[in-house]
Amino acid sequence: MSTDTRENIIHTYLALMLCQNSIFPSTTFEEACLRFNADVSIILALYETCYLNGRDHKVPKASQLPLAWQYVEDPQDHNRFTNMFRVSPYIFNILLQLIQFHPIFTSQSNVSQAPVEVQLAVTLFRMGRYGNGASIQDIARQMGCSEGSVENYTNRCFDAIASLEEVFVRKLSDEEKEREKQWVDNELGFKGAWRDGWLMYDGTIVVLYQRPGLNGDAYFTRKHNYGLDVQIGNAPSNLRIVDYSHGHTGSCHDARAFEHTAASRYPDWLFDGNEFAWADSAYPFHKEPASTIPQNAIFDRYAARLRVRSEHTMGALKGRLRLPINTKKEHVAACRWVTIAIILHNLIVDFEGPASVAQFLPDHMPHHEAEDTEPVPDHSDLVLPDGEAKRQMLVDVLLEWRKIRDSNIDN
């Protein structure tokens, strides 16, 4: 029973109480007390009762979960399990162990909750659906539960997974930073100031299935789709997400959304010494005619070799992400959905490594990202003098290394 229906019935009953007391007033104080207690009991029952009428028809249900549990038994079928729930059986069990004792799964009523593994399976199955297949009715039908249960299971699991955010989305330790810097050294083939750029930033549009019902124009992008702007800062070696920002709509420019990341707001907390982050042309890199200058072209080519890892992170993350938005409440829920996907992404990185994360890259390749993300206008006026000086220093370091390398080859 909806809240509006419940309130209308209660208001009608209150009006009936007033009419009854006016037309047939109580003759004694004891009678008035008995009538008052009866009325209060009826109103409380209306608030506490989910269904006023009995269910004469029981909806047939047939779940696919038994089939999923069978997939777990045979390693040859693990890929089928992963296709259903977007995580491997190994990660599913780890996640289950991490959240199963969360207080949210403790029932406060006489009706016990479904097993945590069932609630988690329904939630992960829902996160992997998109378009028509993401409807609550379809998910409930395939998972063998009611539509309300799908919502309840998702909310509970999101609460439990969100409690893990500080564990899996955090600042890297000095040892972890050094591993990233060594990866940069190995990728470029030389050591120098470039290794201090151990973090990659990029913005992406999380495309929505349809135009949001609330302020839909704000979500409209230059690619003629609707979406949320998400800023991601990732480590290059393993695609681990270290920093992120979401909440802006698709019409917001990356440079503006980036202002809400930890790198922009708390740089001294995230970076030490001469450390810095790599970003794309929205923040920006060289544009024509500057990009045609030989030393700048060399710089951009080497920087692109590092920044491709941002595209890999986006592909891995968005391969799991499906979002509907029609109300302000759904906008907040969608942002929470992004947070949960980021936590799951890092959990997989920690336990299975980047190779497991990369299996979702075919679901969102670079050309898909180009279709999702709007072209970036020239914002060279946003470049600060310190940033340009840093870039020029990196260009000089690269050219000096290439000069030494070429001279050694000649000798």
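This text follows the structure it describes.
As the structure is a computational prediction, the values presented were derived from the model and not from experiment.

> What's the story with helix H7 (residues 136–143) in this structure? I'm lost.
Because an α-helix packs 3.6 residues into every turn, residues spaced three or four apart end up facing the same way. For H7, the complete set of buried residues consists of Ile 136, Asp 138, Ile 139, Ala 140 and Met 143. Gly 144 lies just past H7 and shows a positive phi near 70 degrees.

> Mind showing me how you'd approach the packing of aromatic side chains here?
For any pair of aromatic rings, the description consists of the separation of the ring centres together with the inter-plane angle of the planes. Applying the stated criterion to the full structure yields 16 aromatic pairs. Judged by centre distance (6.2 Å) and plane angle (80 degrees), the rings of Tyr 302 and Trp 401 are edge-to-face. Placement of Tyr 302 in helix H14 (residues 294–318) and of Trp 401 in helix H18 (residues 385–410) is noted, with a sequence separation of 99 residues between them. Just as Tyr 302 is buried, Trp 401 falls in that class too.

> Explanation requested: the pairing of strand S2 (residues 227–234) in the structure shown.
Moving residue by residue along a regular strand, the side chains alternate between the two faces of the sheet. Most of S2 is tucked away: 8 of the 8 residues are buried. As paired elements, strand S1 (residues 197–207) and S2 share 8 bridges and run antiparallel to each other. Residue Ile 205 lies in a different strand from S2, and its bridge partner there is Asp 229. Sheet topology places S2 next to strand S3 (residues 241–249); 7 bridges connect them, and they run antiparallel. Note on S3: the bridge partner recorded for Val 230 is His 246. Joining the antiparallel neighbours S2 and S3 is a turn of 6 residues, in which Leu 239 adopts a positive phi near 70 degrees.

> Can you help me understand the packing of helix H5 (residues 89–99) against helix H6 (residues 116–127) in this one?
In a pair of packed helices, the angle between the axes and the distance between the axes together describe the arrangement. In contact at an axis separation of 10 Å, H5 and H6 are set at 120 degrees when each is read in the N-to-C sense. Between H5 and H6, the angle falls in the class oblique. Between H5 and H6 the crossing geometry is right-handed. In this structure, H5 uses Phe 92, Leu 95, Leu 96 and Ile 99 to contact H6, whose residues at the interface are Val 116, Glu 117, Leu 120, Ala 121 and Leu 124. The residue makeup of the contact of H5 with H6, split by class, is 8 nonpolar, no polar and 1 charged.

What counts as what
- Residues numbered from 1 in each chain as written.
- Predicted model: local features only at pLDDT ≥ 70, side-chain atom pairs only at ≥ 80, totals over all residues.
- Heavy atoms only, no water.
- Buried < 20%, exposed > 50% of the residue type's maximum accessible area, 1.4 Å probe, protein only.
- Helix = DSSP H or I, 4+ residues; strand = E, 2+ residues; numbered from the N terminus.
- Phe/Tyr/Trp six-rings, centres within 6.5 Å; stacked < 30°, edge-to-face > 60°.
- Pairing = 2+ DSSP bridges.
- Axes fitted to C-alpha atoms, helices over the stretch in contact; angles between N-to-C directions.
- Parallel < 35°, antiparallel > 145°, perpendicular 65-115°, else oblique.
- Left-handed = near helix turned anticlockwise from the far one by under 90°.
- Contact = heavy atoms within 4.5 Å.
- Nonpolar A, V, L, I, M, F, W, Y, C, P; charged D, E, K, R; others polar.

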